[in-house]
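Observations on the three-dimensional arrangement
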Amino acid sequence: MRKLIKIIIRLVLAIFVVALIYVLGILLINTVYDYQPEGGNYEVGAFQKFPGLEAGRAYSVISWNIGYGGLGKEADFFYDGGRMSRPGKKAFDQYCKGIDMRLISFDTVDVFLLQEVDLSSKRSYNVDQQKIVRMLLRSHESLFAINYNVQFVPTPIFDPMGSVVSGLQLLGKNRMVSASWRPFDRDRSWPLSLFKPDRCYQLAEFDVDNLRRLYIINTHNSAFDDGTQRDAQIKMLYAEMQRAYNLGH
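By convention here, each chain's residues receive numbers from 1 onward along its written sequence. Two thresholds apply to this predicted model, a pLDDT of at least 70 for residue-level local features and 80 or more for giving and counting side-chain atom pairs, whereas whole-chain, interface and lining totals are computed over all residues. Hydrogens and water are ignored here; the side-chain numbers use all heavy atoms of the structure.

Quick notes on the overall build of the chain
Rule in force here: The secondary structure listing takes helices from DSSP runs of H or I that are at least 4 residues long and strands from runs of E that are at least 2 residues long, numbered from the N terminus. Each residue is assigned to one of three classes by its accessible area relative to the maximum for its type, calculated with a 1.4 Å probe on protein chains only: buried under 20%, partly exposed between the two thresholds, exposed over 50%. Exposure was quantified through the Shrake-Rupley algorithm and a 1.4 Å probe, taking into account, for residues, occlusion by the shown protein chains and nothing else.
Secondary structure assignment for the chain yields four helices and eight strands. N-terminal to C-terminal, the α/β element order of the chain is α-β-β-α-β-α-β-β-β-β-β-α. Seen through its C-alpha atoms, the chain measures out along the principal axes to roughly 90 × 40 × 30 Å. A buried classification covers 42% of the 249 residues belonging to the chain. Carbon and sulfur atoms make up 59% of the accessible area of the chain, which totals about 14400 Å².

Details of the side chain of S124
The condition that has to hold: Residues are treated as being in contact if the distance between any of their heavy atoms lies within 4.5 Å.
Secondary-structure assignment places S124 in the loop between β3 (111-118) and α3 (129-136). Beyond its immediate stretch of four places on either side in the chain, S124 contacts Y68, F92, D118 and Q129.

Topic: the nonpolar core
In globular proteins that are soluble, nonpolar side chains generally tend to be buried together. Under the convention used in this document: By convention a nonpolar core is built from buried Ala, Val, Leu, Ile, Met, Phe, Trp, Tyr and Cys residues, the set being connected through side-chain atoms within 4.5 Å.
Grouped together as the largest cluster of nonpolar side chains are 20 residues, with contacts concentrated most on Y42, L143, M176 and F206. Looking at this core, the elements that each hand over two or more residues are β3, β4 (141-153), β5 (162-172), β6 (176-183) and β7 (200-208). In terms of residue count, the dominant contributor to this core is β7 (four residues). Formed by 12 residues, the second largest nonpolar core is a distinct cluster that contains I62, I66, L137 and L171.

Details of unusual backbone geometry
A cis geometry characterises the amide bond from T155 onward to P156, with omega recorded as -10°. Mapped onto the secondary structure, P156 falls in the loop between β4 and β5. Residue Y125 is not a glycine yet carries a positive backbone phi of 55°. Looking at where Y125 falls in the secondary structure, it is placed in the loop between β3 and α3. Judged by relative accessible area, Y125 falls into the partly exposed class, the value being 23%.

Concerning the pairing of β6
To be explicit about the condition: At least two DSSP bridges between two strands are needed for those strands to be called paired.
Sheet topology note: the strand β1 (residues 40-41)/β6 ladder contains two bridges and is antiparallel. In the strand pairing of β6, G40 is matched with W181. Here seven bridges tie β6 to β7, and the two strands are oriented antiparallel to one another. Among the inter-strand pairings, W181 is bridged to a residue of β7, identified as Q202.

A short note on the pattern of salt bridges
The cut-off we apply is this: We count a salt bridge whenever a side-chain nitrogen from Lys or Arg sits within 4 Å of a carboxyl oxygen from Asp or Glu.
Under the defined criterion, the tally for this structure stands at eight salt bridges. One salt bridge in this structure joins K49 and E141, with 3.9 Å as the shortest N-O distance. Of this pair, K49 sits in the loop between β1 and β2 (61-65) while E141 sits in strand β4, and the two are 92 residues apart along the sequence. On the basis of relative accessible area, K49 is assigned to the exposed category, the value being 62%. On the accessibility criterion, E141 (23% relative accessible area) is partly exposed. With a shortest N-O distance of 3.8 Å, E116 and R123 are connected by a salt bridge.

Observations concerning the pairing of β7
With nine of nine residues buried, β7 lies mostly within the body of the structure. Burial along β7 is two-sided: the face carrying C200, Q202, A204, F206 and V208 and the face carrying Y201, L203, E205 and D207 are both buried. Relative to strand β8 (residues 212-219), β7 runs antiparallel, the two being bridged by eight bridges. Along β8, the bridge assignment pairs D207 with R213. The turn linking β7 back onto β8 is made up of three residues, and D209 within it adopts a positive phi angle of 55°.

Some words on helix α4 (residues 228-246)
The condition that has to hold: In this scheme, a helix's expected span is set at 1.5 Å multiplied by one less than its residue total.
In this model α4 runs 27 Å from its N-terminal to its C-terminal C-alpha over 19 residues, within 8% of the 27 Å that 1.5 Å per residue would give. Tucked inside the fold, the buried residues of α4 contact β6, β7 and β8. Just downstream of α4, G248 is the residue with a positive phi angle, here 95°.

Description of the environment of S142
Cut-off, in case you're wondering: Between N or O atoms, a polar contact is any pair within 3.5 Å; within protein, one atom must be a potential hydrogen donor and the other a potential acceptor, and residues adjacent in sequence are included only when both atoms are from side chains.
Its location among the elements puts S142 in strand β4. Residues S142 and K173 lie 31 residues apart in sequence; the distance between their C-alpha atoms is 9.1 Å. Filtering out sequence-adjacent residues up to four positions away, S142 remains in contact with R134, Q169, L170 and L171. In terms of polar contacts, S142 uses its side chain to reach the side chain of Q169, at 2.9 Å.

Keep in mind these values describe shape, not function.
If you want it as C-alpha cells, here you go:
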C-alpha cells in the first residue's frame, strides 16, 4: 500500500513539474520575443502614379474582418464559448476560397480596409494571406501593419492556437500624400499582454483636388473586454479625427 502511495505521489509531482516547466517555458519565450509596435510611416511613392480624389465624386470603401479565413459558418471559436482555435484544413480552404472570390468581385472598390490578415500563423496553416490579397488586387497598392505577433498562444489547452503573426491591410488605388500606422496605448499588463494582440491602426491621407485631404483609418479595436479598452481606443481615434478636421480636411 505504501509503495502504491509513493508511486502516486511521484506521478503527481512529475505531472506538476512538467506542467510548471511548460508554463514557465511559454512565459520565457513570449517575454523574450514580446512584440511591442512603435508605429511608423509608409513609403507612398508608388501611389503618386495614381489619380487624386475629386471633390463631389462618389468613392467606395469596404471594411472587412476576414477572420484569418478561419471563422466561417461552421467555426466554433473558443473566444466565443466554443472549443476550436482553427477550422479543419478542408473548411479553411473553403473559407479562403470564398474570401478570394469576394475580393476579386470587388476589384472596382477604391479602398479596402482588411483586418485579421495573417502572415504566418498556425491558425491559418502558415498561409501568407496578405501576399495573396495583394496578388488578387493588383490594381491597388497595399500597406500592411502587424498588430498580433506572439510566439505561442497556449489556449485552448487541448488545441492551442500556437504562433500568430497577423495584422491590418489597407489597399487603395488613389494618390496618397501620407500613410502611417500607430499603436494604441498598451491595455494589458504582464503576463496577459504576452498572449494578446498589440492593437494599432493605419492612417491614410488621400489627396483631394490638390487642396484638401481625406483621412481614412483602418482599425481593429479590442473585442473581448468589458469595454474599457475600446473606450480608450475610440478616444484616441476621435482625437486623430478632430486634429484633421480642425485643419480643414
